[in-house]
Amino acid sequence: MKSIKGTRFIQEEHPELLKDESFLSGGNCQSVAWPKDSNEATVYLKECFEDCVPLTISGARTGIAGGAVPLGGAVLSTDFLKGISPTSRANVIRVQAGETLDSVQEYCKREKPGLFYPPDPTETTASIGGTIATDASGAASYKFGSTRKWVDRVKILLPSGTDITIKRGDYQFDSGKLNHPLLGLIKLPGLEKPQPSKNAAGLYISPEMDLIDLFIGSEGKLGLILEADLMLKRKPHTIASFAVFCNEDQFWNLRNDLINSNLPMRELEVMADTCLPFLQIYTEKSYPKHGNWVLFTSIDIASEEELDIALETLEMLLEEKKISIDNTWGGFDETERKRLKEFRHLLPETVNRIISGFSSKNSRIHKISTDTAVHPDQLKEYYQTMKNILESTGVEHVVFGHSGQGHLHANLIPKDNGQLEKAEQAVKLIAAEAVELGGTVSAEHGTGKLKAPLLKLMYSRNELDDMNLLIESISGCKNTLC
Ligand SMILES: Cc1cc2nc3c(=O)[nH]c(=O)nc-3n(C[C@H](O)[C@H](O)[C@H](O)COP(=O)(O)OP(=O)(O)OC[C@H]3O[C@@H](n4cnc5c(N)ncnc54)[C@H](O)[C@@H]3O)c2cc1C
């Protein structure tokens, strides 16, 4: 097995393993291993466990919560855990943890024509293990839900070296309790209120849930996800995608009407007012000059007849809001969809590029972002509060995300230590407001190391202690959440 040791040597030879897209500083570790199969991974995991060395699992490190950034101890990289194979079911494939979302889609194109893997968390270089560990979602989760819904079976390696395979449907909790042949009696923490429907903060807990769902979204705290069986879906006849350039009033009216329409949307996204000016400055690209808001939607179309109906409905809604069709980008082919996807991706990518520049000059600077969500009906009110908090900091920022699901990301770009503190304070206020409205402090990125303190806003000390005890009883390690 490829492995290396020595804090300084790792810093010099593999600096990429000490950071992720959060730019959280201080990453360091004493050893790294790249197992290429389950046997090698078992050897390394057992060694760390027996020597009580804390272990960080490193996927593709596209995470923005610092979960894959090691703060001492050992790192297990999933880079060499490769392989995609068919199963006995035509719409299910078996994928090793280190494969990327890109490679899964390419496999589907080649080997499973007509089928695709629905989770689409924007950053397609993310690993399958990482997306399961964070229960990643993304734009298409409006229709398809998060990764959880598409994972049928997982093979997990516990820190002690024991491997367990869990297939959906095999083990079901009954009033928060379950007896598993290897794990023994598992008792779920009793939460004071149910978790919000879109939530990636803390362990997933629901009294009648499937055992597999406890491992999905557990951010590497319970063990290493080695491989998973992923469910595929039949592609629609056509996907029609649009970006509508408009002003704020037009945006909220159009968004609400689209939510209430019968259009089979897979995405309903937004870039709020500071995004276009930001992109114009930092990427020198130009956009239609009609308001600073952009609404993105993609609609799954089953037939030519449905296509006509969708286009007529959309045209009528635009006309009602006095939005000219000239202020709309879009179309039905792969090229047009790719162009819109690249446009959306350009925003977080540009933020990351700028932060990376500041961070190389001042190591305290890192990405400051929110991943909060509220009930979709409360989004407009919540956005206003968010905007007031952001503006009061004087820190450059953009707000974008999943407007159909009440889920927005504010990305702040602090340029010095003073701005960093103001930005961090703003994130706490925005998260507290989401919790006040019954929402979550993290809807899709997880809390990792950077956002773990926010968990205290959402859960009581008792609830967090119970989650930590559950982690310890399964993993045998004190891998506390917070
Ligand atoms: C430009 C950009 C856009 C993004 N957009 C989205 C989005 O729309 N939606 C979204 O959900 N996320 C988004 N992300 C965040 C990120 O891509 C996801 O969180 C992704 O799931 C992380 O996968 P990864 O392989 O990079 O994991 P890593 O960053 O390497 O790790 C993330 C966490 O998972 C753990 N982990 C990794 N692999 C395993 C494994 N095999 N077993 C157990 N634990 C493991 C790590 O220890 C860590 O805690 C975006 C990121 C970027 C850079």
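Residues numbered from 1 in each chain as written. Predicted model: local features only at pLDDT ≥ 70, side-chain atom pairs only at ≥ 80, totals over all residues.

### What to know about the overall build of the chain
Alright, step 1. Of regular secondary structure, the chain possesses 14 helices and 20 strands.
Alright, step 2. Taken against the 2.2 N^0.38 rule, which gives 23 Å for 482 residues, the C-alpha radius of gyration of the chain at 22 Å falls within 12% of a compact globule.
Alright, step 3. Considered along the principal axes of its C-alpha atoms, the chain spans approximately 65 × 55 × 45 Å.
Alright, step 4. Relative to its full complement of 482 residues, the chain shows a buried share of 47%.
Alright, step 5. Contacts spanning at least 24 positions in sequence make up 71% of the contacts within the chain whose residues lie at least 6 apart. (Helix = DSSP H or I, 4+ residues; strand = E, 2+ residues; numbered from the N terminus. Rg over C-alpha atoms; globule rule 2.2 N^0.38 Å. Buried ≥ 20, exposed ≤ 12 C-beta atoms within 10 Å, placed from the backbone. Contact = placed C-beta atoms within 7 Å.)

### Looking at the domain arrangement of the chain
Alright, step 1. Here the chain is described as being made up of domain 1 (2-77), domain 2 (84-234) and domain 3 (238-455).
Alright, step 2. Taking the mean C-alpha position of each, domain 1 and domain 3 sit 33 Å from one another.
Alright, step 3. A per-class count over the side of domain 1 that touches domain 3 returns 6 nonpolar, 5 polar and 1 charged. (Domains from an automatic or database assignment. Nonpolar A, V, L, I, M, F, W, Y, C, P; charged D, E, K, R; others polar.)

### Things to note about the site of the ligand
Alright, step 1. Around the ligand sit 37 residues, and of these G59, G63, G67, G129 and G130 come closest.
Alright, step 2. Broken down by secondary-structure element, the contributors of at least two residues to the shell around the ligand are β3 (55-58), α4 (128-134), β12 (224-231) and α10 (334-361).
Alright, step 3. Looking at the shell around the ligand, the element that brings in the most residues is α4, giving 5 residues.
Alright, step 4. Residues that form the shell around the ligand fall into these classes: 12 nonpolar, 18 polar and 7 charged. (Near = placed C-beta within 6 Å.)

### Considerations on unusual backbone geometry
Alright, step 1. Its identity as a non-glycine residue notwithstanding, D135 has a phi of 50°, on the positive side.
Alright, step 2. By the secondary structure assignment, D135 is in the loop between α4 and α5 (141-144).
Alright, step 3. Given 29 C-beta atoms within 10 Å, D135 falls into the buried group.
Alright, step 4. In this model, E219 sits at a positive phi of 50°, which is unusual for a non-glycine residue.
Alright, step 5. Note on placement: E219 falls in the loop between α6 (212-215) and β12.
Alright, step 6. Residue E219 is classed as buried on the basis of its 25 C-beta neighbours within 10 Å.

### Section: the sheet that holds strand β15 (residues 265-271)
Alright, step 1. Strand order in this open sheet of 7 strands is β17-β14-β16-β15-β19-β20-β18, and the pairing throughout is antiparallel. Two strands close off the open sheet at either side, each with one partner strand: β17 (328-331) and β18 (368-369).
Alright, step 2. Relative to strand β16 (residues 293-301), strand β14 (residues 238-246) is paired through 9 bridges, and the arrangement is antiparallel. Paired with F245 across the bridge in β16 is V294. (Pairing = 2+ DSSP bridges.)

### Observations regarding the nonpolar core
One recurring pattern in soluble globular proteins: nonpolar side chains tend to sit buried together.
Alright, step 1. Core analysis: the largest hydrophobic core is formed by 129 residues, its most contacted members being L76 and V294.
Alright, step 2. Non-local contacts of L76, meaning those with residues more than four positions away in its chain, are made with A33, P35, A41, Y44, L45, L55, I57, S58 and L224. (Core = buried A, V, L, I, M, F, W, Y, C linked by C-beta atoms within 7 Å.)

### Here we look at the sheet that holds strand β4 (residues 74-77)
Alright, step 1. One open sheet accounts for 4 strands, arranged β1-β2-β4-β3; its pairing is mixed. Because the sheet does not close on itself, it has two edges, and the strands there are β1 (2-5) and β3. Each strand of the sheet is rotated relative to its neighbour by a mean of 15°, with strand direction disregarded.
Alright, step 2. Here β3 runs beside β4; their pairing, made up of 4 bridges, is parallel. Note on β4: the bridge partner recorded for T56 is V75. (Axes fitted to C-alpha atoms, helices over the stretch in contact; angles between N-to-C directions.)

### With respect to the pairing of β14
Alright, step 1. With respect to burial, β14 is a largely interior element, 7 of its 9 residues being buried.
Alright, step 2. For β14 and β17, the ladder comprises 4 bridges, and the chain directions are antiparallel. Bridge pairing in β17 links S241 to G331.

### With respect to the packing of helix α8 (residues 275-283) against α10
Alright, step 1. Between α8 and α10, the shortest axis-to-axis distance is 11 Å and the interhelical angle comes to 55°. One element, α8, and the other, α10, form an angle in the oblique class. Crossing of α8 over α10 shows left-handed handedness. For the pair α8 and α10, the contacting residues are C275, L279, Y282 and T283 in the first and L346, L347, T350 and I354 in the second.
Alright, step 2. Taken together, the residues that form the contact of α8 with α10 break down as 6 nonpolar, 2 polar and no charged. (Parallel < 35°, antiparallel > 145°, perpendicular 65-115°, else oblique. Left-handed = near helix turned anticlockwise from the far one by under 90°.)

### Quick notes on the environment of D152
Alright, step 1. Checked against the element boundaries, D152 lands in strand β8 (residues 151-157).
Alright, step 2. Using a count of 20 C-beta atoms within 10 Å as the deciding quantity, one classes D152 as buried.
Alright, step 3. When the C-alpha positions of D152 and D213 are compared, they lie 9.9 Å apart, and in sequence the two are 61 residues distant.
Alright, step 4. Residue contacts for D152: discarding those within four places in its chain leaves V92, K167, R168, D229 and M231.

### A word on the packing of helix α11 (residues 379-393) against helix α12 (residues 417-436)
Alright, step 1. Interhelical geometry of α11 versus α12 gives an angle of 165° and a closest axis separation of 9 Å. Judged on the interaxial angle alone, α12 and α11 are roughly antiparallel. α11 and α12 meet at a crossing whose hand is right-handed. Across the interface between the two elements, Y382, T385, M386, I389, L390 and T393 of α11 pack against K422, A423, A426, L429, I430, E433 and A434 of α12.
Alright, step 2. Of the residues contributing to the contact of α11 with α12, the split by class is 9 nonpolar, 2 polar and 2 charged.

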